[in-house]
Amino acid sequence: MRAAALIILGGLTLAGGTPLSAGDPAEGRKVANMCRTCHGIDGLAQIPIAPNIGGEPEAYLESQLMAFKTGAREHEMMSVVAAGLSAQQISDVAAWYGAHVASARLPDGVSEADAPDACVSCHGADGIALLPEAPNLAGEVNIYIDTQLKAFRTGKRRHDIMSSIAAEMTDEEIRAVADWYAAVQLEITGPE
Ligand code: HEC
Ligand code: HEC
(Lines give C-alpha, C1' and ligand atoms only; values in the text may rest on other atoms or scores of the structure.)
(Ligands and ions follow the chains in the order given, each with its own letter.)
Protein backbone atom coordinates (compact mmCIF):
# COMPACT_ATOMS: atom_id res chain seq x y z
CA MET A 1 0.00 0.00 0.00
CA ARG A 2 2.74 2.39 1.02
CA ALA A 3 4.70 1.78 -2.23
CA ALA A 4 1.55 2.21 -4.31
CA ALA A 5 0.75 5.48 -2.53
CA LEU A 6 4.24 6.79 -3.23
CA ILE A 7 3.88 6.10 -6.93
CA ILE A 8 0.54 7.90 -6.96
CA LEU A 9 2.08 10.77 -5.02
CA GLY A 10 4.86 11.08 -7.58
CA GLY A 11 2.18 11.51 -10.23
CA LEU A 12 0.38 14.08 -8.13
CA THR A 13 3.45 16.24 -7.80
CA LEU A 14 4.00 16.23 -11.54
CA ALA A 15 0.36 16.98 -12.29
CA GLY A 16 0.08 19.68 -9.63
CA GLY A 17 3.04 21.72 -10.81
CA THR A 18 1.16 24.97 -11.41
CA PRO A 19 2.37 27.67 -9.01
CA LEU A 20 -0.26 29.26 -6.80
CA SER A 21 -0.87 32.98 -6.99
CA ALA A 22 0.31 34.38 -3.67
CA GLY A 23 -2.53 34.93 -1.23
CA ASP A 24 -2.44 37.69 1.37
CA PRO A 25 -3.65 36.41 4.75
CA ALA A 26 -4.53 39.90 6.03
CA GLU A 27 -6.83 40.49 3.04
CA GLY A 28 -8.09 36.94 3.50
CA ARG A 29 -9.14 37.69 7.05
CA LYS A 30 -11.58 40.30 5.68
CA VAL A 31 -12.97 37.80 3.18
CA ALA A 32 -13.35 35.31 6.06
CA ASN A 33 -16.07 37.52 7.55
CA MET A 34 -18.26 35.92 4.85
CA CYS A 35 -17.35 32.46 6.10
CA ARG A 36 -17.39 32.82 9.87
CA THR A 37 -21.02 31.95 10.58
CA CYS A 38 -20.36 28.47 9.22
CA HIS A 39 -16.59 27.89 9.45
CA GLY A 40 -15.62 30.30 12.25
CA ILE A 41 -13.07 33.08 11.79
CA ASP A 42 -10.32 30.60 12.73
CA GLY A 43 -11.74 27.73 10.66
CA LEU A 44 -13.30 25.74 13.49
CA ALA A 45 -16.74 24.74 12.19
CA GLN A 46 -19.75 26.44 13.79
CA ILE A 47 -22.44 24.22 12.26
CA PRO A 48 -22.30 20.41 12.06
CA ILE A 49 -22.54 20.17 8.25
CA ALA A 50 -19.60 22.55 7.66
CA PRO A 51 -16.06 21.12 7.81
CA ASN A 52 -13.21 22.54 9.88
CA ILE A 53 -10.94 24.43 7.49
CA GLY A 54 -8.43 26.22 9.76
CA GLY A 55 -4.94 24.84 9.26
CA GLU A 56 -5.82 22.94 6.10
CA PRO A 57 -3.11 23.06 3.44
CA GLU A 58 -3.54 26.35 1.55
CA ALA A 59 -3.28 24.56 -1.82
CA TYR A 60 -6.15 22.26 -0.86
CA LEU A 61 -8.39 25.14 0.27
CA GLU A 62 -7.71 27.06 -2.93
CA SER A 63 -8.38 24.04 -5.15
CA GLN A 64 -11.72 23.29 -3.43
CA LEU A 65 -12.92 26.90 -3.63
CA MET A 66 -12.03 26.95 -7.33
CA ALA A 67 -13.84 23.61 -7.77
CA PHE A 68 -17.00 25.07 -6.19
CA LYS A 69 -16.65 28.17 -8.36
CA THR A 70 -16.28 26.21 -11.61
CA GLY A 71 -18.93 23.66 -10.67
CA ALA A 72 -16.50 20.74 -10.54
CA ARG A 73 -17.66 20.29 -6.92
CA GLU A 74 -21.22 21.22 -6.02
CA HIS A 75 -22.94 22.15 -2.80
CA GLU A 76 -26.03 24.33 -2.37
CA MET A 77 -24.27 26.71 0.06
CA MET A 78 -20.65 26.64 -1.11
CA SER A 79 -21.40 26.95 -4.82
CA VAL A 80 -23.18 30.25 -4.10
CA VAL A 81 -20.41 31.48 -1.78
CA ALA A 82 -17.59 30.64 -4.23
CA ALA A 83 -19.41 32.08 -7.24
CA GLY A 84 -19.21 35.47 -5.53
CA LEU A 85 -15.45 35.33 -4.90
CA SER A 86 -12.73 36.51 -7.29
CA ALA A 87 -9.67 34.33 -7.87
CA GLN A 88 -7.66 36.79 -5.75
CA GLN A 89 -10.17 36.61 -2.87
CA ILE A 90 -9.97 32.82 -3.07
CA SER A 91 -6.15 32.93 -2.82
CA ASP A 92 -6.36 35.40 0.05
CA VAL A 93 -8.94 33.51 2.10
CA ALA A 94 -7.05 30.23 1.47
CA ALA A 95 -3.92 31.97 2.79
CA TRP A 96 -5.83 33.17 5.90
CA TYR A 97 -7.21 29.78 6.87
CA GLY A 98 -4.04 28.02 5.74
CA ALA A 99 -1.92 30.22 8.02
CA HIS A 100 -3.58 28.61 11.07
CA VAL A 101 -2.10 25.53 12.68
CA ALA A 102 -4.19 22.42 13.17
CA SER A 103 -3.10 19.91 15.77
CA ALA A 104 -4.71 16.65 16.73
CA ARG A 105 -4.87 14.30 19.69
CA LEU A 106 -6.04 10.70 19.45
CA PRO A 107 -8.75 9.68 21.91
CA ASP A 108 -7.67 7.78 25.03
CA GLY A 109 -7.16 4.04 24.66
CA VAL A 110 -6.10 3.96 20.99
CA SER A 111 -2.75 4.39 19.26
CA GLU A 112 -1.57 5.32 15.77
CA ALA A 113 -1.25 1.61 15.01
CA ASP A 114 -5.06 1.33 15.15
CA ALA A 115 -5.54 3.94 12.38
CA PRO A 116 -6.97 2.84 9.01
CA ASP A 117 -3.99 1.56 6.97
CA ALA A 118 -5.48 2.65 3.66
CA CYS A 119 -5.60 6.33 4.65
CA VAL A 120 -2.59 7.11 6.83
CA SER A 121 -0.04 7.69 4.07
CA CYS A 122 -1.89 10.83 2.96
CA HIS A 123 -4.25 11.85 5.78
CA GLY A 124 -2.05 10.80 8.71
CA ALA A 125 -3.03 8.48 11.55
CA ASP A 126 -4.50 11.47 13.41
CA GLY A 127 -6.08 13.12 10.37
CA ILE A 128 -3.51 15.86 9.86
CA ALA A 129 -2.68 15.72 6.15
CA LEU A 130 0.82 14.70 5.10
CA LEU A 131 0.69 16.24 1.64
CA PRO A 132 -0.47 19.67 0.43
CA GLU A 133 -3.14 18.33 -1.94
CA ALA A 134 -4.93 16.39 0.81
CA PRO A 135 -7.28 17.70 3.49
CA ASN A 136 -7.11 17.18 7.23
CA LEU A 137 -9.78 14.79 8.46
CA ALA A 138 -9.15 15.22 12.21
CA GLY A 139 -12.31 16.02 14.13
CA GLU A 140 -14.61 16.35 11.13
CA VAL A 141 -18.14 15.19 11.90
CA ASN A 142 -18.46 11.52 10.87
CA ILE A 143 -21.45 12.30 8.64
CA TYR A 144 -19.33 14.82 6.69
CA ILE A 145 -16.57 12.25 6.06
CA ASP A 146 -19.16 9.59 5.24
CA THR A 147 -20.96 11.89 2.78
CA GLN A 148 -17.75 12.89 0.99
CA LEU A 149 -16.59 9.27 0.61
CA LYS A 150 -19.97 8.30 -0.80
CA ALA A 151 -19.83 11.29 -3.16
CA PHE A 152 -16.46 10.02 -4.44
CA ARG A 153 -17.95 6.50 -4.74
CA THR A 154 -20.96 7.61 -6.80
CA GLY A 155 -18.96 10.09 -8.91
CA LYS A 156 -20.79 13.17 -7.59
CA ARG A 157 -17.32 14.37 -6.45
CA ARG A 158 -14.30 13.30 -8.51
CA HIS A 159 -10.63 12.92 -7.76
CA ASP A 160 -8.23 10.38 -9.31
CA ILE A 161 -7.04 8.92 -6.02
CA MET A 162 -10.12 9.28 -3.83
CA SER A 163 -12.59 8.06 -6.44
CA SER A 164 -10.72 4.79 -6.85
CA ILE A 165 -10.23 4.34 -3.09
CA ALA A 166 -13.89 5.00 -2.31
CA ALA A 167 -15.08 2.77 -5.16
CA GLU A 168 -13.70 -0.23 -3.28
CA MET A 169 -15.27 0.59 0.08
CA THR A 170 -18.48 -0.78 1.59
CA ASP A 171 -20.84 1.39 3.64
CA GLU A 172 -19.52 -0.31 6.80
CA GLU A 173 -15.89 0.40 5.92
CA ILE A 174 -16.75 4.01 5.15
CA ARG A 175 -18.51 4.40 8.48
CA ALA A 176 -15.57 2.83 10.36
CA VAL A 177 -12.95 5.19 8.91
CA ALA A 178 -15.31 8.17 9.34
CA ASP A 179 -15.74 7.26 13.02
CA TRP A 180 -11.95 6.93 13.46
CA TYR A 181 -11.18 10.44 12.22
CA ALA A 182 -14.28 12.00 13.83
CA ALA A 183 -13.11 10.80 17.25
CA VAL A 184 -9.82 12.72 17.01
CA GLN A 185 -9.64 15.93 19.08
CA LEU A 186 -8.81 18.87 16.80
CA GLU A 187 -7.30 22.12 17.98
CA ILE A 188 -6.79 25.14 15.70
CA THR A 189 -4.51 27.99 16.67
CA GLY A 190 -4.44 31.31 14.86
CA PRO A 191 -1.57 33.07 13.16
CA GLU A 192 -1.99 36.13 15.41
C1 HEC B 1 -23.83 29.02 5.01
C2 HEC B 1 -22.69 28.26 5.49
C3 HEC B 1 -21.35 28.42 4.79
C4 HEC B 1 -20.70 29.60 4.49
C5 HEC B 1 -21.15 31.02 4.72
C6 HEC B 1 -19.41 29.19 3.93
N7 HEC B 1 -19.33 27.83 3.90
FE8 HEC B 1 -17.74 26.72 3.20
N9 HEC B 1 -18.78 25.01 3.49
C10 HEC B 1 -20.07 24.94 4.03
C11 HEC B 1 -20.52 23.56 3.97
C12 HEC B 1 -21.86 23.06 4.46
C13 HEC B 1 -19.47 22.82 3.38
C14 HEC B 1 -19.46 21.31 3.05
C15 HEC B 1 -19.77 21.15 1.57
C16 HEC B 1 -19.98 19.71 1.17
O17 HEC B 1 -20.65 18.99 1.92
O18 HEC B 1 -19.47 19.34 0.10
C19 HEC B 1 -18.40 23.77 3.11
C20 HEC B 1 -17.18 23.41 2.51
C21 HEC B 1 -16.13 24.29 2.34
C22 HEC B 1 -14.82 23.92 1.86
C23 HEC B 1 -14.35 22.53 1.50
C24 HEC B 1 -13.59 22.00 2.70
C25 HEC B 1 -13.10 20.60 2.54
O26 HEC B 1 -12.59 20.08 3.56
O27 HEC B 1 -13.22 20.00 1.48
C28 HEC B 1 -14.07 25.06 1.84
C29 HEC B 1 -12.61 25.18 1.44
C30 HEC B 1 -14.92 26.13 2.28
N31 HEC B 1 -16.17 25.63 2.58
C32 HEC B 1 -14.51 27.45 2.40
C33 HEC B 1 -15.36 28.51 2.68
C34 HEC B 1 -14.95 29.90 2.62
C35 HEC B 1 -13.55 30.36 2.36
C36 HEC B 1 -16.05 30.64 2.90
C37 HEC B 1 -16.19 32.14 2.94
C38 HEC B 1 -15.72 32.87 1.76
C39 HEC B 1 -17.16 29.70 3.15
N40 HEC B 1 -16.68 28.43 2.99
C41 HEC B 1 -18.44 30.07 3.50
C42 HEC B 1 -20.80 25.98 4.54
C43 HEC B 1 -20.49 27.32 4.41
C1 HEC C 1 -2.64 8.62 -1.84
C2 HEC C 1 -3.21 9.65 -1.00
C3 HEC C 1 -4.56 9.40 -0.34
C4 HEC C 1 -5.00 8.28 0.33
C5 HEC C 1 -4.27 6.97 0.54
C6 HEC C 1 -6.31 8.61 0.85
N7 HEC C 1 -6.66 9.88 0.50
FE8 HEC C 1 -8.38 10.84 0.96
N9 HEC C 1 -7.81 12.45 -0.13
C10 HEC C 1 -6.61 12.55 -0.81
C11 HEC C 1 -6.61 13.77 -1.59
C12 HEC C 1 -5.49 14.27 -2.48
C13 HEC C 1 -7.87 14.40 -1.34
C14 HEC C 1 -8.40 15.71 -1.95
C15 HEC C 1 -9.41 15.36 -3.04
C16 HEC C 1 -9.89 16.55 -3.81
O17 HEC C 1 -9.07 17.40 -4.17
O18 HEC C 1 -11.11 16.62 -4.07
C19 HEC C 1 -8.58 13.54 -0.42
C20 HEC C 1 -9.86 13.81 0.08
C21 HEC C 1 -10.51 13.04 1.02
C22 HEC C 1 -11.76 13.39 1.65
C23 HEC C 1 -12.56 14.67 1.47
C24 HEC C 1 -12.38 15.49 2.73
C25 HEC C 1 -12.95 16.87 2.72
O26 HEC C 1 -12.55 17.65 3.59
O27 HEC C 1 -13.81 17.18 1.89
C28 HEC C 1 -12.07 12.37 2.51
C29 HEC C 1 -13.28 12.27 3.42
C30 HEC C 1 -11.02 11.39 2.40
N31 HEC C 1 -10.08 11.83 1.49
C32 HEC C 1 -10.97 10.23 3.14
C33 HEC C 1 -10.01 9.24 2.97
C34 HEC C 1 -10.05 7.99 3.67
C35 HEC C 1 -11.06 7.61 4.72
C36 HEC C 1 -8.98 7.25 3.21
C37 HEC C 1 -8.64 5.82 3.55
C38 HEC C 1 -9.69 4.86 3.30
C39 HEC C 1 -8.27 8.08 2.25
N40 HEC C 1 -8.94 9.27 2.12
C41 HEC C 1 -7.10 7.74 1.58
C42 HEC C 1 -5.57 11.66 -0.76
C43 HEC C 1 -5.62 10.40 -0.23
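As shown above, the structure is provided for reference.
Residue numbers restart at each chain and count upward from 1, following the sequence in its written direction. Whichever chain is written first becomes A and whichever ligand is written first becomes 1, with later ones labelled in order. Where totals are concerned, whole chains, interfaces and linings use all residues; where local detail is concerned, this predicted model gives features only for residues with pLDDT of at least 70, and gives and counts side-chain atom pairs only at 80 or more.

Undergrad: Quick question: what am I supposed to make of helix α8 (residues 142-154) here?
TA: Each full turn of the α-helix corresponds to 3.6 residues, which orients residues three or four apart in the same direction. Runs of H or I in DSSP of at least four residues are treated as helices and runs of E of at least two as strands, each being numbered from the N terminus. Between the first and last residue of a helix there are one fewer steps than residues, each counted as 1.5 Å, and that sum is the expected span. The first and last C-alpha atoms of α8 sit 18 Å apart over 13 residues, in line with the 18 Å expected at 1.5 Å per residue. Three classes are used. A residue is buried when 20 or more other C-beta atoms lie within 10 Å of its own, exposed when 12 or fewer do, and partly exposed in between, with C-beta atoms placed from the backbone. Burial in α8 covers these residues: Ile-145, Gln-148, Leu-149 and Phe-152. The buried residues of α8 occupy an angular sector of 95 degrees when projected down its axis, which confines them to one face. By definition, residue pairs are in contact when their C-beta atoms, positioned from the backbone, come within 7 Å. Summarising the contacts, the buried residues of α8 are in contact with α9 (160-167) and α10 (171-182). In the stretch just after α8, Gly-155 is the one whose phi turns positive, near 95 degrees. The arc under discussion is defined with respect to the helix axis, by the directions toward the C-beta atoms.

Undergrad: Quick question: what am I supposed to make of the pairing of strand β2 (residues 185-189) here?
TA: The side chains of a regular strand alternate, residue by residue, between the two faces of the sheet. By the alternation rule, side chains of β2 split into Leu-186 and Ile-188, which are all buried, and Gln-185, Glu-187 and Thr-189, of which none is buried. Summarising the sheet, strand β1 (residues 101-105) and β2 pair through five bridges and their orientation is antiparallel. Of the residues in β2, the one forming a bridge with Ser-103 is Glu-187. One requirement defines pairing of two strands: DSSP has to find at least two bridges between them.

Undergrad: I keep staring at the site of ligand 1 and nothing clicks. Help me out?
TA: Residues are classed as near a molecule or strand if the C-beta position derived from their backbone is within 6 Å of it. In the region of ligand 1, 21 residues are neighbours, and Cys-35, Cys-38, Ala-50, Pro-51 and His-75 sit closest. Any residue outside Ala, Val, Leu, Ile, Met, Phe, Trp, Tyr, Cys, Pro, Asp, Glu, Lys and Arg is labelled polar, Gly included; the first ten of those are nonpolar and the last four are charged. Across the shell around ligand 1, the residue classes tally to 16 nonpolar, five polar and no charged.

Undergrad: How should I be thinking about the nonpolar core in this particular structure?
TA: Burial of nonpolar side chains together is a common tendency in soluble globular proteins. Of all hydrophobic cores here, the largest spans 18 residues; its most connected members are Ala-138 and Tyr-181. Elements supplying a minimum of two residues to this core: α8, α10 and β2. A total of five residues in this core trace back to one element, the largest contributor, which is α10. In this structure, Tyr-181 is in contact with Gly-127, Leu-137, Ala-138, Glu-140 and Ile-145, ignoring residues within four places of it in sequence. Linking buried Ala, Val, Leu, Ile, Met, Phe, Trp, Tyr and Cys residues through C-beta atoms within 7 Å yields a set, and such a set is a nonpolar core. Among the nonpolar cores identified, the runner-up in size contains 14 residues, and Val-31, Ala-32, Phe-68 and Tyr-97 belong to it.

Undergrad: Please clarify how the environment of Ala-151 should be interpreted in this entry.
TA: You can see Ala-151 is positioned in helix α8. Using a count of 18 C-beta atoms within 10 Å as the deciding quantity, one classes Ala-151 as partly exposed. On a C-alpha basis, the gap between Ala-151 and Met-162 in space is 9.9 Å, while along the polypeptide they are 11 residues apart. If we skip the residues at most four places from it in the chain, Ala-151 touches Lys-156 and Arg-157.

Undergrad: Explain the site of ligand 2 here, please?
TA: Among the 22 residues in the neighbourhood of ligand 2, the closest are listed as Cys-119, Cys-122, Ala-134, Pro-135 and His-159. Those elements giving two or more residues to the shell around ligand 2 turn out to be α1 (2-15), α7 (117-123), α8 and α9. Of the residues forming the shell around ligand 2, the biggest block, five residues, is contributed by α7. By residue class, the composition of the shell around ligand 2 is 16 nonpolar, five polar and one charged.

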